[in-house]
Structure formats: structure tokens, C-alpha cells
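So you can see what is in the structure, the chains are spelled out below.
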Amino acid sequence: MTVSDIVKSFGLKIRAGKNRLDQEVRGGYTGDLLSDVIAHSRKGSIWVTIQTHPNIVAVATMKELAGIILTGGREPDSETLRKAEEEEMPILVSSLFAFELTGKLYQMGISGMG
Amino acid sequence: MLKTYRADLHIHSCLSPCGDEGMRPRALVNQAKAMGLDMIAICDHNSAENTAAFISAGDARGLKVLPGMEVTSKEEIHLIALFDAQESCAALQNLIYQNLPGENVEEVFGPQTVVNERDEAVGVNRRMLIGATLLPFEQIVSVIHSLDGVAIASHIDRQAFSLVGQLGFIPEGIPLDGLEISPRTSKEEAKSRFHPYQHYSFVWFSDAHYLEDIGKSTTPFLLEETTSKEVKMALHGKEGRRVMEA
């Protein structure tokens, strides 16, 4: 499954990194405490969060995540967008809240730590 | 002449929902004096409505009290703001009140008591002071600086509500004046754990919510006088002012 498949399935809005949506999604991680995401997320995962600060791009890049989905309709800060374009990191926006979106991703076959 | 002043610049009063009801001006100032402190700051969550009473109580007993606040950013990061002028602190409070949603639920979060300098309750703050403002962290830092205040990231060694916990690391280029380390992390530990941030000054304050915790953790500053302006100079090592080794 690719980032693009997820975008299409849930009608996500693409805010950055539109040329990198062909990336394979190998898993998922949901969390808003960035130090926790640094500690536990895995390469190739899609990350579900409400954080909109520019540091999310740095964390996702460092951990080689497939992309970031902001939930509850939250929009990225302008500096976050700039950094995401620079790093070609997909930033997507969902109107769903984290619990629903994570559940749906799981149902699609994206697994967590297991 | 430069002198060493022992400071605890992060103390909550009974206005903070989590602050003990005993954290009232006379009692708190007496305890700070008993602990041998030269300077304290009252930093309640997202409000400075008690600072005037504490400053009067401090004046009456010869203890310097700075008006301050512990602001919560929209990323849920705590940030200490310190000022010399009450008006500056009030200006920051105005901006915060315009950006602080919700009402306090006393049974859940605790009472938010406004007091006078005689330790008497004179009112209750109804806002949800424990909540987060809608303001981004970096904007709050720049507002504090525009009001000539000092901006110190709170307890960066803690997971909860800290700059490092919430954002994973300190973004480059934030003009913070210093980083606060909580009493639970020693100087040696902090030096190795936060080595990448050593270009900032580290300070230790108590973050006291109870009388007995006041002065449990302090930072000595070499200053000309006990003002936030001098503290800021010390944090940046200017004109001989500096943060002393404890």
C-alpha cells in the first residue's frame, strides 16, 4: 500500500510532498509527543498526529517515515509546510480524529508495532 | 557592585489550580526568607493576577519578588516569563486571556484563588488556567521579548509539558534566554543529557506548588541588582553578570 492509496481511501487533503505519495507504507504510528514518536516509530510508517509545529517534519525525516497525517482538520504551520516541501515529506490533513483514522488505517491492513 | 543572589524564579501560588491553598503571600515570602533566598518569582499557569499581592508582601519583608507567569503554548509546552514591570506582565496576560479557551472545573483541577497581600482570598479566577493557549511556542517567546521579559523553557528534562518532550528536540534559532532543569535532574546529568543545548544557560528552580518545596532547587546569579533585566544579562553572560555554579 502506498501513501497515495491512503489519500484516495480517506479523501485526505494534500498539503505538502505531493511528489512522494508513491512511497510504500510499512506500518503506522499514532502520537503527539514527539519524543515518544522518535523513540518508537519505525521507518516507512505513516504517522498520525495533531502536532503542527515544524519539528514534526524533522522527526519524520529523521525516522524516514512515509508521511504525516494531521487529524481533526488541523492545518500545518506555514514554516512546517516550507520545511516539508524542502524535505519532500508528505503532509496530509484528515477531518477525522486520531482514533477513527487510526482504526480505519488498521482495518485497511496497516499494522502498528506487531 | 556585582553580588551573588540566590534565586528561585519558578514558584506557583494558590492561583494555579495545582498550587496548594497555603501558597499565599505572607506565608510564601516567610518561607522563602527562611530558606535564605534573595529573589523569587511568582509564575502561575497562564495568569498573573496574584503577582501584585506577592510583590507587596515581599516589599514589606525585604524579599525581591518578580512578576511572572508560566505560559502553556498550543503545543502544550510550558514557558516561564519573567518581568520587571507589572504592566508588561499584565500585557502578556491580556494576550493569553484572549487565547485561552475553557472554564475551570474546580472539583477536577483545583481552586484558583486570587489573594491580597494579607493572605486573604479576594476572588476566584474562572478561566481554565491549566489549559493550553492557542498561541504557538515561538510566538510567545517573541511576545515576551517585545515586552522586555525573560523567556525560559520550563523543566526541559521532564516528559510532560516540556519543550524537549513535546517537540522531541529544541528547534534551532529560538531566542530563548535559558533552559530550566527540574530538581529531579542533577547538574552532571543535565550537562551530559543536554550537551547539544549548552549554548543556552541552564537554571534550576523549584517549581514549588507547596510551601515546603520553596527553595528546594535554586540558582545563584552574579548580578548588580535583583531585576529580571539583570537576570537576562546573566543568562547571556553579559557585562560580568553570570549564572554561578551552585
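What this report covers is the structure whose coordinates are included nearby. (Residues numbered from 1 in each chain as written. Chains lettered and ligands numbered in written order. Predicted model: local features only at pLDDT ≥ 70, side-chain atom pairs only at ≥ 80, totals over all residues. Heavy atoms only, no water.)

Observations concerning the pairing of strand β2 (residues 27-30) of chain A
On a regular strand, one side chain projects to one face of the sheet and the next to the other, so that they alternate. All names here are of chain A. As paired strands, β2 and strand β3 (residues 45-49) are joined by 4 bridges and run parallel to one another. Counted as the bridge partner of Gly-28 is Ile-46 from β3. Taking the sense of rotation as the criterion, the β-α-β connection linking β2, helix α2 (residues 34-40) and β3 turns out right-handed. (Pairing = 2+ DSSP bridges. Helix = DSSP H or I, 4+ residues; strand = E, 2+ residues; numbered from the N terminus. Right-handed = clockwise from strand over helix to strand, strands pointing away.)

What about the side chain of Arg-24 of chain B?
Residue and element names in this part refer to chain B. Looking at the secondary structure, you find Arg-24 in the loop between β1 (3-11) and α1 (25-34). A relative accessible area of 17% means that Arg-24 is categorised as buried. A polar contact of 3.0 Å, which involves the side chain of Arg-24, links it to the backbone oxygen of Asp-119. Those residues in contact with Arg-24 that lie beyond four places of it in its chain are Cys-14, Phe-54, Thr-113, Val-115, Asp-119, Glu-120 and Ala-121. (Buried < 20%, exposed > 50% of the residue type's maximum accessible area, 1.4 Å probe, protein only. Polar contact = N/O pair within 3.5 Å; in protein donor to acceptor, adjacent residues only side chain to side chain. Contact = heavy atoms within 4.5 Å.)

Structural notes on the interface of chain B and chain A
Taken together, the 11 residues of chain B in the interface contact 12 residues of chain A. For the pairing of chain B and chain A, the buried interface totals around 920 Å² over both sides, and the portion due to carbon and sulfur atoms is 50%. On the chain B side of the interface with chain A, the three residues burying the most area are Gln-166, Leu-167 and Phe-169 of chain B, jointly 43% of the side's total. Along the contact surface separating chain B from chain A lie 1 salt bridge. Residue Lys-74 of chain B pairs with Asp-77 of chain A through a salt bridge whose shortest N-O separation is 3.3 Å. Taken together, the connections running from chain B to chain A amount to 9 residue pairs in polar contact (both at pLDDT 80 or more). (Buried area = accessible area lost by both parts, 1.4 Å probe. Salt bridge = Lys/Arg side-chain N within 4 Å of Asp/Glu carboxyl O.)

Focus: the sheet that holds strand β1 (residues 13-16) of chain A
All names here are of chain A. Taken together, 5 strands build an open sheet; the order of strands is β1-β5-β4-β3-β2 and the sheet is mixed. Only two strands of the sheet have a single neighbouring strand rather than two, namely β1 and β2. Direction aside, the axes of adjacent strands within the sheet are offset by 25° on average. Here β1 runs beside strand β5 (residues 91-93); their pairing, made up of 3 bridges, is antiparallel. Within the sheet, the bridge partner assigned to Ala-16 lies in β5 and is Ile-91. Across the sheet, helix α5 (residues 98-107) touches β2, β3 and β4 (67-70), and the angle it forms with β3 is around 160°. (Axes fitted to C-alpha atoms, helices over the stretch in contact; angles between N-to-C directions.)

Focus: the packing of helix α3 (residues 55-62) of chain A against helix α4 (residues 78-87) of chain A
Residues and elements named next belong to chain A. Following both chains from N to C, one finds α3 and α4 inclined at 25°, their axes separated by 8 Å at the closest point. Viewed along their axes, α3 and α4 adopt a mutual orientation that is roughly parallel. Residue-level contacts link Ile-56, Val-57 and Thr-61 of α3 to Thr-80, Lys-83, Ala-84 and Glu-87 of α4. Its residues assigned to classes, the contact of α3 with α4 comprises 3 nonpolar, 2 polar and 2 charged. (Parallel < 35°, antiparallel > 145°, perpendicular 65-115°, else oblique. Nonpolar A, V, L, I, M, F, W, Y, C, P; charged D, E, K, R; others polar.)

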